[in-house]
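Close look at the chain arrangement
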Amino acid sequence: MTEGILDKKKILSYNAKKRAFVATVAVVIGIAAIVLGMYVNDAIAWISLPVIIAAAFVVDKVLIIVRPDIYGKDMLKRGRTPVIATTTVVAVFTAICLLSGIVGYQLAMYTAENANVVATYDDIGEAVDFLQTSGLESKYNVTVTIDTKFGATAVFSPKSGEYDIEDFKDYKHVEESGNSVKAGISRYAVEYNGEEISYYVLNEKHLKAKIEIAEDGMINVVDYGQAFGIVLGATFGAVVQIAVLAIVYVVGIIAAIVPSEIYFEKLIRNEAKKAENGNCLQE
């Protein structure tokens, strides 16, 4: 009877130690990943944690089927198929969630980083024309007077009838004078091919825009006024996507792991019971 009890205890003891060991190692590595993410890159944590969870599950199951001396020689045969099936599901599901998260996050961040670019040109003259065209030329004659190095005044005179003050709601320092409207506009200068080019901004949709020369030599019209909302939206979208994927991953992993854990727990206890009963019969 004593030998049977010792065999049963050996199985249950190894199983408990195995789980504790795998869980401890996974938690330590997970904490290290989170700390590293805080100081290096947040992406390290949310990429590493699913991998750590999946790896811990796989290692836990492998440590069962490689120890026939503990669980019995039949454990390898009976445990091999469910181990392969479950670990495959966990690995594939983890890979899909990670890939979706990484691609979605990168696209969102790319959108956020490039949200301020309104248009790109090869010729700086086209960029200047874009900013110096108000979009109201069909209704108004526009005269621009240079006030200072950084400012100018635009006078809009209706081509026919009276002006509509709503046409100038986006302009600052608007003044009504007779049958015309004056508006203050900004001026900027940009160095291009060793030459300083001055321009004013009359484009009613991009009054805060300016010209920037990219590292590759492309001429970008950027509007930091409109970028904030897009960046905020893209960032929020990335956070929401990661949160949704995290929930999907947790639910999916639980759905895959719980049945497997129940199966192996029952299998291990049956082996322990068989070991005890077998040894009792021998006595």
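A short tour of the structure in this document, coming up. (Residues numbered from 1 in each chain as written. Predicted model: local features only at pLDDT ≥ 70, side-chain atom pairs only at ≥ 80, totals over all residues. Heavy atoms only, no water.)

**Quick notes on the overall build of the chain**
Applied cut-off: Runs of E in the DSSP output that reach at least two residues are strands. Runs of H or I that reach at least four are helices, and both are numbered from the N terminus. Note on contacts: a residue pair qualifies if any of its non-hydrogen atoms lie within 4.5 Å across the two residues. Under the convention used here, a 1.4 Å probe and the Shrake-Rupley method define accessible areas, while residue burial counts only the protein chains that appear.
Across its full length, the chain holds 6 helices and 8 strands. Counting from the amino terminus, helix and strand elements in the chain follow one another as α-α-α-α-β-α-β-β-β-β-β-β-β-α. Of the contacts made within the chain by residues no fewer than 6 positions apart, 64% connect residues no fewer than 24 positions apart. Roughly 16800 Å² of accessible area belongs to the chain as shown, and the carbon and sulfur atoms make up 62% of that amount.

**Describing the pattern of salt bridges**
The line we're drawing: By salt bridge we mean one thing: a side-chain nitrogen of Lys or Arg within 4 Å of a carboxyl oxygen of Asp or Glu. Partly exposed describes any residue whose relative accessible area lies between the buried limit of under 20% and the exposed limit of over 50%, with all areas from a 1.4 Å probe on protein chains only and scaled to the type maximum.
Summed over the entire model, instances satisfying the criterion amount to 3 salt bridges. Notably, a salt bridge pairs aspartate 60 with lysine 18, separated by 2.7 Å at the nearest N-O pair. Of this pair, aspartate 60 sits in helix 2 (residues 42-65) while lysine 18 sits in helix 1 (residues 2-39); the two residues are 42 residues apart in sequence, bridging distant segments of the chain. As far as the burial class goes, aspartate 60 and lysine 18 line up, both buried. Residue lysine 139 pairs with aspartate 167 through a salt bridge whose shortest N-O separation is 2.7 Å. Here lysine 139, found in the loop between helix 5 (124-132) and strand 2 (140-148), pairs with aspartate 167, found in the loop between strand 3 (151-158) and strand 4 (172-177); they are 28 residues apart in sequence, far enough to count as distant. Overall, the relative accessible area of 38% leaves lysine 139 in the partly exposed class. Since its relative accessible area comes to 15%, aspartate 167 is described here as buried.

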